Amino acid sequence: MTSIAQEQLGTLPRKPSHAPETSNADLLAYLAPAQHDLSAFPEKTSRLDRRQTSVEIRSSVSSFQDFVMAVGKRSRSVAQSAPIIILFLLAWEFVPRIATRLDLFDSTFLPPFSTVFRAFCEIAVDGTLLKHLSVSLGRAGAGFLLANVVAIPLGLLIGWFPAVERFLDPVLQTFRQTAAMALFPVFILLFGIGEPSKVVLIYWGAQWPILLSTITGVKSVDPLLTKAARSMNASTLQIFFKVILPAAFPAIFTGVRLAATHSILILIAAEMIGADRGLGYLVYDSQVRFEIPLMYAGIISLSLLGLVVNYLMISIDGLNSWKKG
Amino acid sequence: MPNMRGTRRLRKITQGAPGILTFLALWETVPRLGFFDPRYLPPFSQVAKAFWKILLNGTLLVHIGVSLQRSLSGFGLALLLATPMGLLLGWYPRLERFVDPLLQLFRQTSVLALFPVFILVFGIGEFSKVFLIFWAVQWPILLNTVSGVKEVDPLLLKAARSMNASTWQLLTKVVLPAAFPSIFLGIRLAATYSILVLIAAEMIGAKSGLGFLLFDSEQLFQIPTMFASIMTMALLGLGLNYGLQEIGSRINSWKGAEISES
C-alpha cells in the first residue's frame, strides 16, 4: 500500500540534485503520521495511485460510485470499531470498582466510567463545557487560520525560488527544531498574558508543517508539467496558478492536516501553563482542585475534539476527488 | 566513500552558513533599533554571554542531564514495549483491525491532557514525567512498526516460508529487517515529539530540567538566560535529529551493502 510519505519518497529523486537532502528526510519524517490515517482509509490511497499512474478521464457516474463505496466503507469501519470501544468502556466501568473492592487502588484516582460520564453530562448541560470549548476553539482556530494564510503563500514563494530555499533552509530547520512551547515565555513577554500570546504560539507551532510541506510540494512538481505548460506559451503566473498550485496541493494538504493535530497539542499545553479559560485549563484546574471526575470529563472532551478535527481533515481531503476528473 | 561523505557534509555546512549568519546578524541589530523593548528581546551577544555563563558554572549541564535522563528513559521504555507490540499487531491483521479504533482514540487524545492523570497515579516525582514521555513516544513507534510490518513484501515471506523457515525465523530474519526503515521513521518522529512534550511537562510541573530553567528564568525576569535555554533546546533538537539521521543512514547503508553482496 502506498502512503503519501512513500509517494513523496518516490518523487524525490526527480528533484534537482543540488537540493539539500536533509530537508527531504526531515519532511518525510514530518509527513509520516499521515501514513496511519491513510491506511485506515484505503480508498484514498488507491485514488492517489490511480492519479499517478494514468490520466484517465472519469465520468461523474464513476465518482458517484466511488462516493457510495466510500460511504459504505465508512459505515463498515464504524461497525468494526464498535466492539473494542465498548470493551474498553466496560473495562473502565468495572475495573475500578473491582479494584477498589480488592483494595488494589483507590477509585478516587480512576473513577468508573459512569461517574465520569455523569460529570461530563453535568458540564455539558450547565454550559461550562460550551464556554471552555468555544474559548479553546477560538484560540486554536485563529492560530491555525493565521498559519494557513501566512505559511502557504510563503511556502509557495520559497519553493518557487530554489536559491531562496537553499539560503533559508538552515534557519527554517533550526526554528522547526525549536519546540514551540519553549517560545511561549517569549510570546508572553512580547504580547502580554492575554489572548494574542496563545494565538501566536499556536500559529507558530502550526506554521512549520504547512511551510515545509508546501516547499517540498512545489519543489517536487514534475518538471515535465512545467515544461509542457511553458512550451505552450503559458505565462509565469499561469504556470504558477494552473500547474504548480494544483500539483502541489496534496503535499500542502498533508501539512495542513499535521498542523491541525499539532495546534491542539500546543493549545492544551498553553492553556495548562497560563490561562483562566479553555479545555486545557479545565483539565488542569479540576486536577488541582481534586475534582477527578470533572478532570476525566475534560480529557474525554479533548479527545473527542481531536477525533472530530482529524475526521474533518480527512473529509476535506476527500474533496480532492474533483482533481482526478 | 568516507571522503565523499566528508566533502558533502562540508558543502552542506558552507551552504547553511549564510542563512544562519544573516539570522544572527538580524538578531543582534534589530533589538538595538528599538522596535521592541530590548529587555524583552535582548541582542544575540547578550544571550551568548548568558549562555556561556550558565555553561561555565555548570547549571546548564545539570539541567540538560536531567532532561536527557527523563527523555531517554521514556524513549527506552517505549522502544522496549511498542516495537514488539507493533510487530504483533502487524503480524496478526485481525487483531490489528480489532484494536485499531482504540489506538486511534488514544493517539488523538493529546498526551498533555493525560499529564494530570499520570501525576495522580504516579505522583509528582520523576516517574510521572518519564511515563508521559513514554506515552507520547510510543504512538509514532507503534503505528509505524505496524504499518512497516504490514507492508513487508509478501514475496519475501513466501520465499522464506518455502525454504522452511520457522515463524520465529521469519519474524527476526525477514519481517524485522524489512520493517526497519519504517520503524526508524517512527523513532525519528518520536524524538522530535518527545522534546516538545518534555519541555511542556517540565514547564507545568518540575524542579529541574531545561523546561524548568526556561520557565524559572522567565519568572525571575532573567531574559538573557531564558533565551539561552531556548537556544540550548534548539541545539539539542537539531543535534538529536542529526544524530538519528546519521544512525539511520549508516544502518541503511550497511543493509544496502549486505544486499548487494549476497
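The structure presented is a predicted model; accordingly, all values stated were derived computationally and were not measured.

Conventions used here
Residues numbered from 1 in each chain as written. Chains lettered and ligands numbered in written order. Predicted model: local features only at pLDDT ≥ 70, side-chain atom pairs only at ≥ 80, totals over all residues. Heavy atoms only, no water. Helix = DSSP H or I, 4+ residues; strand = E, 2+ residues; numbered from the N terminus. Buried < 20%, exposed > 50% of the residue type's maximum accessible area, 1.4 Å probe, protein only. Contact = heavy atoms within 4.5 Å. Areas by Shrake-Rupley, 256 points an atom, 1.4 Å probe, with all protein chains shown as cover. Lys, Arg positive; Asp, Glu negative; His and termini not counted. Charge placed at Lys NZ, Arg CZ, Asp CG, Glu CD. Salt bridge = Lys/Arg side-chain N within 4 Å of Asp/Glu carboxyl O. Axes fitted to C-alpha atoms, helices over the stretch in contact; angles between N-to-C directions. Parallel < 35°, antiparallel > 145°, perpendicular 65-115°, else oblique. Nonpolar A, V, L, I, M, F, W, Y, C, P; charged D, E, K, R; others polar. Phe/Tyr/Trp six-rings, centres within 6.5 Å; stacked < 30°, edge-to-face > 60°. Left-handed = near helix turned anticlockwise from the far one by under 90°. Core = buried A, V, L, I, M, F, W, Y, C linked by side-chain atoms within 4.5 Å. pLDDT = per-residue confidence, 0-100. Buried area = accessible area lost by both parts, 1.4 Å probe. Polar contact = N/O pair within 3.5 Å; in protein donor to acceptor, adjacent residues only side chain to side chain.

Draft legend 1. Summary view of the overall build of chain B. Helices and strands together make up the secondary structure of chain B, namely ten helices and zero strands. Overall, chain B shows an N-to-C arrangement of helices and strands of α-α-α-α-α-α-α-α-α-α. Taking all 262 residues of chain B together, the buried fraction comes to 49%. Within chain B, counting contacts between residues at least 6 apart in sequence, those at least 24 apart form 72% of the total. Split by element, the accessible area of chain B, about 13,300 Å² in all, is 70% carbon and sulfur. Where the 22 positive side-chain charges of chain B centre and where its 13 negative ones centre are 4 Å apart.

Draft legend 2. A look at the overall build of chain A. Per the secondary structure count, chain A includes 14 helices and zero strands. Secondary structure elements of chain A, listed N to C terminal, follow the sequence α-α-α-α-α-α-α-α-α-α-α-α-α-α. Within chain A, the fraction of its 325 residues that count as buried is 51%. Sequence separation of 24 or more characterises 76% of the internal contacts of chain A that already satisfy a separation of 6 or more. As displayed, chain A offers around 15,200 Å² of accessible surface, 70% of which is attributable to carbon and sulfur atoms.

Draft legend 3. The arrangement of the pattern of salt bridges in detail. Residues and elements named next belong to chain A. Under the criterion given, the structure shown has eleven salt bridges over all chains. Here Arg139 and Glu195 are joined by a salt bridge, their closest N and O atoms 2.8 Å apart. With Arg139 in helix 7 (residues 128-160) and Glu195 in helix 10 (residues 195-219), this pair connects stretches of sequence that are 56 residues apart. For Glu195, a relative accessible area of 32% corresponds to the partly exposed category. Taking the shortest distance from any N to any O, the salt bridge between Glu165 and Lys219 comes out at 3.3 Å. Pair noted here: Glu165 is in helix 8 (residues 162-177) and Lys219 is in helix 10, with a separation of 54 residues, a long-range link.

Draft legend 4. Quick peek at the packing of helix 7 of chain A against helix 8 of chain A. All names here are of chain A. The interhelical angle for the contact between helix 7 and helix 8, taken along N-to-C directions, is 120 degrees, at an axis separation of 6 Å. For the element pair helix 7 / helix 8, the angle class is oblique. Facing helix 7, whose interface residues are Ile158, Gly159 and Trp160, helix 8 presents Pro162, Glu165, Leu168 and Leu172. Partitioned by chemical class, the residues of the contact of helix 7 with helix 8 number five nonpolar, one polar and one charged.

Draft legend 5. Representation of the packing of aromatic side chains in the model. All names here are of chain A. Under the counting rule described, the total for this entry stands at 30 aromatic pairs over all chains. Between Phe187 and Trp204, the aromatic rings sit 6.0 Å apart at their centres with planes inclined by 65 degrees, giving edge-to-face as the arrangement. You can see Phe187 sitting in helix 9 (residues 184-191) and its partner Trp204 sitting in helix 10, a full 17 residues away along the chain. An identical accessibility class is assigned to Phe187 and Trp204; each is buried.

Draft legend 6. Region of the structure containing the packing of helix 14 (residues 292-318) of chain A against helix 5 (residues 111-122) of chain B. Put simply, helix 14 of chain A and helix 5 of chain B touch, their axes get as near as 9 Å, and they point 150 degrees apart. Helix 14 of chain A and helix 5 of chain B meet at a crossing whose hand is left-handed. Between helix 14 of chain A and helix 5 of chain B, the contacting residues are Ile292, Met295, Tyr296, Ile299 and Leu302 of chain A on the first element and Ala113, Leu114, Pro116, Val117 and Leu120 of chain B on the second. Partitioned by chemical class, the residues of the contact of helix 14 of chain A with helix 5 of chain B number ten nonpolar, no polar and no charged.

Draft legend 7. Looking closely at the nonpolar core. Counting 140 residues, the largest nonpolar core has Met181 of chain A together with Leu112 and Phe227 of chain B as its most contacted members. For Met181 of chain A, the contacting residues outside a window of four places in its chain are Leu201, Ile266, Ala269, Ala270 and Ile273 of chain A together with Leu196, Ile199, Ala200, Met203 and Leu214 of chain B.

Draft legend 8. Focus on the confidence of the model for chain B. Residue and element names in this part refer to chain B. With 91% of its residues at a pLDDT of 70 or more, chain B has an overall mean of 84. When mean pLDDT is compared element by element in chain B, helix 3 (residues 59-91) scores highest at 91, while helix 1 (residues 2-33) scores lowest at 75. Across residues 257-262, where pLDDT falls below 50, the model places zero contacts with residues more than four positions away in sequence or in other chains. Interface confidence in the predicted complex, given as ipTM, is 0.77; pTM for the same model is 0.76.

Draft legend 9. Here's a closer look at the environment of Val174 of chain B. Residue and element names in this part refer to chain B. Looking at the secondary structure, you find Val174 in helix 8 (residues 167-204). The exposure class assigned to Val174 is buried, which follows from its relative accessible area of 15%. Along the backbone, Val174 and Val149 are 25 residues apart, and their C-alpha atoms lie at a distance of 9.9 Å. Ignoring any residue separated from it by four or fewer positions in sequence, one finds Val174 in contact with Leu156, Leu157, Ala160 and Gln169.

Draft legend 10. Focus on the interface of chain B and chain A. Contacts between the two partners involve 61 residues from chain B, matched on the other side by 63 residues from chain A. Both sides together, the interface formed by chain B and chain A hides about 5,600 Å², and carbon and sulfur atoms give 74% of it. Of all residues in chain B, Gln108, Leu120 and Leu196 of chain B bury the most surface against chain A, accounting for 12% of the area lost on that side. If you look at where chain B meets chain A, you find zero residue pairs in polar contact (both at pLDDT 80 or more). Those elements that provide at least two residues to the side of chain B that touches chain A are helix 1, helix 4 (93-108), helix 5, helix 6 (126-150), helix 8, helix 9 (210-219) and helix 10 (223-261) of chain B. It is helix 8 of chain B that provides the largest number of residues to the side of chain B that touches chain A, a total of twelve residues. Residue classes in the side of chain B that touches chain A are distributed as 39 nonpolar, 15 polar and seven charged.

Draft legend 11. Focus on unusual backbone geometry. All names here are of chain B. Look at Asn164: it is not a glycine, yet its phi comes out positive at around 65 degrees. Inspection of the secondary structure puts Asn164 in the loop between helix 7 (154-162) and helix 8. A relative accessible area of 68% places Asn164 in the exposed class. For Phe221, which is not a glycine, the phi torsion comes out positive at approximately 60 degrees. Structurally, Phe221 can be placed in the loop between helix 9 and helix 10. The partly exposed category is assigned to Phe221, whose relative accessible area is 41%.

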